[in-house]
Amino acid sequence: MRLNLTLSVLAIAAMFNASPVWAAWGAPKSMGATTVLSDPSCASPSIGLAVCAARGLAQTLVVNRFNGTGWSGWTTIAGAVSSNPSCAANGAGDVLCAARNTTGGLSATVYNGTTWSALKSAGGQITSPPSCSQLTVGNVLCVGRSATGGLTSSIYNGTTWSAFLVLAGSTVSEPGCGSDDAGGVICIATSTTTWNVVAARFRGTTWSAFLNLGGHSTSDRYSCTALGGALGVLTCAARGTEEAVYVNNFKGGAWTLANWTGWSSISGTANPGTSCAQSISGELGCATVAWDAAFWVNSFNGASWTGWSTLGGKNIGNPGCTRIGNGNVVCAVVGLNGKAISTLGP
């Protein structure tokens, strides 16, 4: 993740494959006429289904459901929020969507496969949007930046929230967290140390110490997702100083820097947040908004990346992707007109 102005210029002309990829990724589909203000976050309660949440014009959560072919349209969850939401499936048929509330605490709603619950406060104090991930079956961990610059987290077990646990640190971005499919959640964030990326792992009831993964990130949104193929393996994506997308894999096992592969570029020039989701074990589908405001997608087939391809359009912010089974990933993004669209692939 080093500054390279020549690479940045050439990326516009050469590093994206400008040909459409309708055969692999579906044409963008409208998610409804409602105007949304924030990046969408999506999760899958069961195979073939997805739900997404975003922040609406009235500073409330708006939610939507994908049935495999179309969207239900946005509906409003009563109660005020002040951040982008984060959604995570609990592995038992429910999806939790959480956001920072207007008093600085964490609030969440739960989709049980049929209906959404009322928005309820979990307490705590966070200074960033939360990032939520499945910890174990039935348990979701939500993490935010703490008032002192570290991480603060709570576990929802389907009924109640645990006491908030603080990990001391010095970060300046919201965390990006993902399940490692082995009973742990890994979060990365931007450190105050020359904008390096740091990572911490939550397992059981405790946090590890932060590891400095290096790099020089310009992300304020990160994405981490289980890669599959082996328990504990996870891929995290970030944007470098020349605006290319970089990935770093945790190989599982002991929490040491040696078990990370190090940052490698998958090219492109992207917005701060690139979102990825596992399509099948060992493979990923990813999406970003690039220099031209178009919706771009990329896939990892277990050995290599297919390269970025455009789905067109004019968009803002960062996409949210989720695995829905059957080898498919749904990625949603907000257009310049404030209306959200999605694509299904790869």
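Look up a bit, the structure's there.
The notes below deal with the structure included here. Everything numeric here is computed off the predicted structure, so don't read it as measured data.

If you trace the four strands from one edge of the open sheet to the other, you get 20-21-22-23, paired in antiparallel fashion. With partners counted over all chains shown, the strands left at the sheet margins are strand 20 (223-226) and strand 23 (264-265), one partner each.

What follows concerns the side chain of serine 299. Here serine 299 shows up in strand 26 (residues 295-300). Under the relative-accessibility criterion, serine 299 is labelled buried at 10%.

Right, let's talk about the pairing of strand 15 (residues 176-179) for a bit. Of the two faces of strand 15, the one holding Gly176 and Gly178 and the one holding Cys177 and Ser179 are both buried throughout. With four bridges joining them, strand 15 and strand 16 (residues 184-190) adopt antiparallel strand pairing. Paired with glycine 178 across the bridge in strand 16 is isoleucine 186. Taken together, strand 15 and the strand that follows it, strand 16, pair antiparallel across an intervening segment of four residues, in which aspartate 181 is found at a positive phi of about 60°.

The next subject is the pattern of salt bridges. Per the stated rule, a full pass over the model turns up two salt bridges. Residues aspartate 39 and arginine 221 are paired through a salt bridge, measuring 2.5 Å at the closest nitrogen-oxygen approach. One end of the pair, aspartate 39, is in the loop between strand 2 (29-30) and strand 3 (41-43); the other, arginine 221, is in the loop between strand 19 (211-214) and strand 20, and 182 residues separate them in sequence. In this pair, the class of aspartate 39 matches that of arginine 221, namely buried. We note a salt bridge from arginine 221 to glutamate 174, for which the minimum N-O separation is 3.2 Å. You can see arginine 221 sitting in the loop between strand 19 and strand 20 and its partner glutamate 174 sitting in the loop between strand 14 (165-167) and strand 15, a full 47 residues away along the chain.

About the criteria used
- The residue count restarts for each chain, going from 1 along the sequence in the order it is written.
- Thresholds applied to this predicted model are a pLDDT of at least 70 for local features of residues and 80 or more for the giving and counting of side-chain atom pairs; totals over whole chains, interfaces and linings are not thresholded and use all residues.
- Excluding hydrogens and water, the side-chain values take into account all heavy atoms of the structure.
- In this scheme, strands are said to pair when DSSP sees at least two bridges between them.
- Helix numbering and strand numbering both begin at the N terminus, where a helix is a DSSP run of H or I of at least 4 residues and a strand a DSSP run of E of at least 2.
- Buried, partly exposed and exposed residues are distinguished by accessible area as a fraction of the type maximum, computed with a 1.4 Å probe on protein chains only: under 20%, between the cut-offs, and over 50%, respectively.
- Each reported salt bridge corresponds to a side-chain nitrogen of Lys or Arg within 4 Å of a carboxyl oxygen of Asp or Glu.

Function-wise, these values are silent; they only describe arrangement.
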